[in-house]
Amino acid sequence: MMADYTVRDQVAVIELDNPPVNALGSAVRAGIYDGIRKADRDPNIKAVVICGKRGTFCAGADIREFDGGKNGPWITDIGDFIDNMKKPVVAAIEGFALGGGLEVALFCHYRIALKTVRVGQPEVQIGLLPGGGGTIRLPRATGLKNALDIITTGNHVPAEKAAKMGIIDQIVTGDIIEEGIKFVKSKCNIDTSLVCLRMKTVKYSGDLDDISEAAMTKVKSKFKGAIAPIVCVKSVINSAKMPYEKGIDTEKEHFQDLRHSSQSKAMRYAFFAERAITRWQLPSGGNYKTAKPLPVKTSGVIGAGTMGGGIALCLITSGIPCILVEQNQQFLDKGLEIVKAQLMRTVQLGKLSTEQAKKCFTMLKPTTNIEDLKNVDLVIEAVYEDLKLKREIFEKLDRICKSETILCTNTSSLHIDSIATATKRQSKVVGTHFFAPSYIMKLLENIYGTKTSAETVATVMKLGKTIKKVPVLVGSCTGFVANRMLKPYSEEAQYCLEEGSTPSIVDTVLMDFGMPIGNFQVSDLSGLDIGFRIKREAARKAGVELSKNSRFFLGQRNCGLIEKLYEAGRMGKKNGKGWYKYESLNGKPIVDPEVTMLIEEHCRSLGIERRNIGSQEILERMQYAMINEGFKILEEGLCTMAEEIDVIWIYGFSWPKYMGGPMYYASQIGLKKIYEKVCYYHKTFPYSMHWVPSSLLAKLSQIDLPLSEWGDVAQGRKLVNKL
Ligand SMILES: CCCCCCCCCCCCC/C=C/C(=O)SCCNC(=O)CCNC(=O)[C@H](O)C(C)(C)COP(=O)(O)OP(=O)(O)OC[C@H]1O[C@@H](n2cnc3c(N)ncnc32)[C@H](O)[C@@H]1OP(=O)(O)O
């Protein structure tokens, strides 16, 4: 059994034992169930302590069992039994009590915890509801309002706050088992039915229907398209509406429905994908197991623009002092204002106290002298995208900084080697590509160059976690993984415009799919001048003219609409007109007939016949083109596993987690169908190179392999004969 049973001083101690996080697999559930029955039967036992091994209580049900695991007792059987026990049972919590772990604690008559503990019901984040009585018992412990908040967000609650909320009975210090024994022995004379949560009523103020409606509206707007938060609200409301037993039975039905839902399956996939990508490896052989990260106790950021300022903020709010360098005082002052404003916003959002924010700000040392960086452990360069300038900076840094300093570039497109070769420490040069707004967006694309060492990679992967990002390691190519895949996606969106669609139709299709924002809205946010400059730079490099009226550019299909909008002074949201018009800087996008006319005129002048394009075609063309690119990225070894691509899209472009990511989505559609469509579009649009089918996709479309093995096939770790 995966729960140890020992007796100390007439108290039965049941220790959950399932490495690494004591997940409640069937054997653990059976262990607890057998343990409490044994303790109840034994007349020498006066009370019970339930706790966990390895410094943690329990991280919840074993998520891997949800795909059809072993049976074992249902979790609420444990609760039903404890509810009828006369001997007191205490949950002695250290580390985490999450999901089913917190539910087990709520079955107990009492809960004590160390100050460092965090509790929560994170099931909603994997598309579920707390199906072990959580939606019915937590409101009885803390009231409807708190329970709705905890269960619909999945946020962790620190011990002291949980104690104030009535979830924890006592905060203790010292050895948790000793404390548990002491505590529970003091409760032996108390009637357990008085403290049993089943017997309590749910506290709330106001009208239940109003509370329910307000909670529904909130989750529908906050978690657009997701089913689980809605079901969570229903079930928590049931705790106040229904008798205990009916509430529990209904909760179990909801849980089973959600467990089988495609949304929960995708979110469970995403949970493990996020963990799989931490097991990175370099083509040279170095990997997460063998490489040791260097300590980063001090840092520097070059460039105090929106990007650099945001990066500096990430560092200081994570406790890493940062020297922020700008070329002159005026730019530096402007950058500091950005940092201050963002810090204030963080305070307003309740994420930092004023005191904490002040303390963070003292960790920022602004300067106009790059020489001040000489002793820092790591520097992130975040100046604008100009290779010559970046090389100059790296050459200087190489001269100035101590030999151990790691030099990072926040380039979004330039090859790492083209910057690293400006230094004599190529092994210590690495890409750290943040996404705008850099303080908010979770993705950190870490890019290795030909000579980047495993130690350098380990350092920036660890740094990513420290500053609360999701770091993904990728190889170097133009645009890296995220922007390289975004290119065919947005190009197809523009081609759809010139073939007959409109920005609002395309964006609506994407948002109906689940994207939080459409392609053209994003383009307006980043600024049309950016897209225009990228094209102009590509033309300059190739030594050709950028012509808005040519249907071909560099041997490929071209859509000159962005140039035409740019020429018409439409810069995007910042000047109130782009693909849409805006009444204010915070305004919503409004369809602009001028843009429709501009598109129609563009088509007339080029002799393009417009037609009705259905939503299925729009979605397919944007997504399949990008998925095909994803397979090319795997094929070229720039990612080692398909999961990396999905995590990049979830955290870089807010792909809905309940759709798993583009590669997972492809696996659900079926690679055969995707490949056939890619071939069809390649035939239809022969001048768009992104439709040239990936050979890996071609290979995988003929066999039935799980996504977790696609990277192995690409890298030759798994050989497939059947073709
Ligand atoms: C007939 C079929 C029946 C099937 C039904 C099954 C039975 C159902 C029982 C009843 C269920 C009632 C409802 C309850 C539902 C739940 O409890 S769902 C789970 C809720 N819990 C969570 O979502 C917590 C998930 N974990 C975390 O958030 C974090 O892991 C952590 C605990 C905060 C620790 O973080 P960190 O230190 O950063 O470590 P990680 O890298 O995240 O994790 C370490 C490894 O542990 C694995 N892991 C973590 N949690 C679980 C888990 N709950 N189940 C399985 N595995 C887990 C994680 O994957 C890591 O391992 P690797 O992937 O190998 O790296």
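Values in this document were obtained by computation on a predicted structure and should not be read as measured data.

Trainee: Please clarify how the overall build of the protein should be interpreted in this entry.
Mentor: Helix and strand content of the protein: 29 helices and 19 strands. Relative to a compact globule of 723 residues, whose C-alpha radius of gyration would be 27 Å, the protein shows 28 Å and is just as compact. Projected onto its principal axes, the C-alpha coordinates of the protein cover approximately 90 × 60 × 60 Å. Within the span of the protein, comprising 723 residues, buried residues form 56% of the whole. Partitioning the intrachain contacts of the protein with sequence separation of at least 6 by distance along the chain shows that 71% fall at a separation of at least 24. About 31700 Å² of surface is accessible on the protein, with carbon and sulfur atoms providing 53% of the total.

Trainee: Would you mind going over the packing of helix H25 (residues 642-652) against helix H26 (residues 662-669) with me for this structure?
Mentor: When two helices pack together, you describe them by how their axes are tilted relative to each other and by the distance separating the axes. Between H25 and H26, the least distance of the axes is 7 Å, while the angle of their chain directions is 115 degrees. Facing H25, whose interface residues are Ala642, Ile645, Asp646 and Trp649, H26 presents Pro662, Met663 and Tyr664. For the contact of H25 with H26, a count of residues per class yields six nonpolar, no polar and one charged.

Trainee: Got a minute to help me understand the domain arrangement of the protein in this structure?
Mentor: As a measure of interface size, the accessible area lost when the parts come together is often cited. Annotation of the protein at the domain level lists domain 1 (3-260), domain 2 (299-480), domain 3 (501-606) and domain 4 (623-714). Relative placement of domain 1 and domain 2: their C-alpha centres are 42 Å apart.

Trainee: Please clarify how the pairing of strand S1 (residues 3-8) should be interpreted in this entry.
Mentor: In the case of a regular strand, side chains alternate between the two sheet surfaces. Bridge count for S1 against strand S2 (residues 11-16) is six bridges, and the pairing is antiparallel. Counted as the bridge partner of Tyr5 is Ile14 from S2. What sits between the antiparallel neighbours S1 and S2 is a turn of two residues, in which Asp9 has the positive phi angle 55 degrees.

Trainee: What's the story with the packing of aromatic side chains in this structure? I'm lost.
Mentor: Geometry of an aromatic ring pair is reported as the spacing of the ring centres plus the angle between the planes. Going through the model one piece at a time under the given rule, you end up with 20 aromatic pairs. Ring-pair connections join several aromatic residues into one group, and the members of that group are Phe435, Tyr489, Phe513, Trp649, Phe653, Trp655 and Tyr665. We note Arg64 situated over the ring of Phe272; from NZ or CZ to the ring centre the distance is 4.0 Å. Sitting over the ring of Tyr495, Arg557 keeps its end group 4.0 Å from the ring centre.

Trainee: Explain helix H17 (residues 454-466) here, please?
Mentor: One turn of the α-helix equals 3.6 residues, which is why residues spaced by three or four share an orientation. Here H17 spans 18 Å end to end across 13 residues, near enough to the 18 Å set by a 1.5 Å rise per residue. Those residues of H17 that are buried lie in contact with helix H12 (306-317), strand S13 (378-381), strand S14 (406-409), strand S15 (429-434), strand S16 (443-448) and strand S17 (470-475). Looking at the residues trailing H17, positive phi occurs at Lys468, about 65 degrees.

Trainee: Any chance you could explain the environment of Glu545 here in plain terms?
Mentor: For Glu545, the location among the structural elements is in the loop between helix H21 (528-542) and strand S18 (552-553). Glu545 sits in the exposed class, given a relative accessible area of 72%. Here Glu545 is in contact with Ala539 and Phe553, once residues within four sequence places are set aside.

Trainee: What exactly am I supposed to notice about unusual backbone geometry here?
Mentor: Excluding glycine, residues mostly have negative phi values, and the peptide bonds linking residues are mostly trans. Across the junction of Pro19 and Pro20, the peptide omega takes the value 0 degrees, indicating a cis bond. With an omega dihedral of -10 degrees, the bond running from Ala436 to Pro437 counts as a cis peptide bond. When you line up the elements, Pro437 lands in the loop between S15 and S16. Of note, the phi angle at Lys468 is positive, near 65 degrees, even though the residue is not glycine. By secondary structure assignment, the location of Lys468 is in the loop between H17 and S17.

Trainee: Would you explain the site of the ligand in this entry?
Mentor: Taken together, the neighbourhood of the ligand is formed by 32 residues, with Ala59, Ala61, Ile63, Gly100 and Arg275 sitting nearest. Within the contact set of the ligand, a nitrogen atom lies 2.8 Å away from a backbone nitrogen or oxygen of Ala59. Separating an oxygen atom of the ligand from a backbone N or O atom of Ala61 is a distance of 2.8 Å. Contact with the protein chains covers 80% of the free accessible surface of the ligand, which is 1300 Å². Elements with a contribution of two residues or more to the shell around the ligand: strand S5 (96-98), helix H3 (100-107), helix H10 (244-259) and helix H11 (262-276).

Trainee: Would you explain the pattern of salt bridges in this entry?
Mentor: Between side chains of opposite charge, a pair can form as their charged atoms come close. Under the criterion given, the structure shown has 44 salt bridges. Taking the shortest distance from any N to any O, the salt bridge between Glu620 and Lys677 comes out at 3.3 Å. A residue pair is termed long-range when its members are at least 10 positions apart, and Glu620 in helix H24 (residues 615-635) and Lys677 in helix H27 (residues 671-684) qualify at 57 residues. Bridged by salt links that share partners, the residues Glu492, Glu498, Glu499, Arg557, Arg611, Glu617 and Arg621 form one connected network.

Trainee: So what exactly am I meant to see when it comes to H26 here?
Mentor: Along H26, the positions that sit buried rather than exposed are Pro662, Met663, Tyr664, Tyr665 and Ala666. Of the residues one or two after H26, Gly670 is the one with positive phi, at around 110 degrees.

Trainee: Even after reading the chapter, I still don't get the side chain of Gln121, so can you show me in this structure?
Mentor: The residue Gln121 is located in the loop between strand S7 (118-120) and helix H4 (134-142) in this model. A polar contact of 3.3 Å, which involves the side chain of Gln121, links it to the backbone oxygen of Gly99. In terms of polar contacts, Gln121 uses its side chain to reach the side chain of Glu123, at 3.1 Å. In this structure, Gln121 is in contact with Gly99, Leu102, Glu103, Leu106, Pro130, Gly134, Leu138, Ile150, Ile151 and Gly154, ignoring residues within four places of it in sequence.

Trainee: In this structure, what is going on with the packing of helix H5 (residues 144-153) against helix H9 (residues 228-241)? I would like to understand it.
Mentor: Two numbers describe how H5 lies on H9: the axes approach to 10 Å, and their chain directions differ by 155 degrees. By the angle between their axes, H5 is roughly antiparallel relative to H9. Of the two elements, H5 crosses H9, and the hand of that crossing is right-handed. Of the residues in H9, those in contact with Leu144, Ala147, Leu148, Ile151 and Thr152 of H5 are Pro229, Cys232, Val233, Val236, Ile237, Ser239 and Ala240.

Trainee: Just to check I follow, could you spell out the nonpolar core for this structure?
Mentor: The nonpolar side chains of a soluble globular protein tend to be buried, and buried together. Leu373 and Trp710 are the most contacted members of the largest nonpolar core, which totals 103 residues. For this core, the element with the highest residue contribution is H24, accounting for ten residues. The contact partners of Trp710, leaving out residues within four places of it in the chain, are Phe631, Leu634, Ala642, Met663, Ser667, Leu671, Leu696, Leu700 and Leu705.

Trainee: Would you mind going over the pairing of S15 with me for this structure?
Mentor: In terms of burial, S15 is largely enclosed, as six of its six residues are buried. Side-chain alternation along S15 places Val429, Gly431 and His433 on one buried face and Val430, Thr432 and Phe434 on a second face that is also buried. Pairing geometry for S14 and S15, over three bridges, is parallel. Its bridge partner being in S15, Leu407 is matched across the sheet by Val429.

How each quantity is defined
Residues numbered from 1 in each chain as written. Predicted model: local features only at pLDDT ≥ 70, side-chain atom pairs only at ≥ 80, totals over all residues. Heavy atoms only, no water. Helix = DSSP H or I, 4+ residues; strand = E, 2+ residues; numbered from the N terminus. Rg over C-alpha atoms; globule rule 2.2 N^0.38 Å. Buried < 20%, exposed > 50% of the residue type's maximum accessible area, 1.4 Å probe, protein only. Contact = heavy atoms within 4.5 Å. Areas by Shrake-Rupley, 256 points an atom, 1.4 Å probe, with all protein chains shown as cover. Axes fitted to C-alpha atoms, helices over the stretch in contact; angles between N-to-C directions. Nonpolar A, V, L, I, M, F, W, Y, C, P; charged D, E, K, R; others polar. Domains from an automatic or database assignment. Pairing = 2+ DSSP bridges. Phe/Tyr/Trp six-rings, centres within 6.5 Å; stacked < 30°, edge-to-face > 60°. Lys NZ or Arg CZ within 6 Å of the ring centre and 35° of its normal. Expected span 1.5 Å × (residues − 1). Near = heavy atom within 4 Å. Polar contact = N/O pair within 3.5 Å; in protein donor to acceptor, adjacent residues only side chain to side chain. Salt bridge = Lys/Arg side-chain N within 4 Å of Asp/Glu carboxyl O. Parallel < 35°, antiparallel > 145°, perpendicular 65-115°, else oblique. Left-handed = near helix turned anticlockwise from the far one by under 90°. Core = buried A, V, L, I, M, F, W, Y, C linked by side-chain atoms within 4.5 Å.

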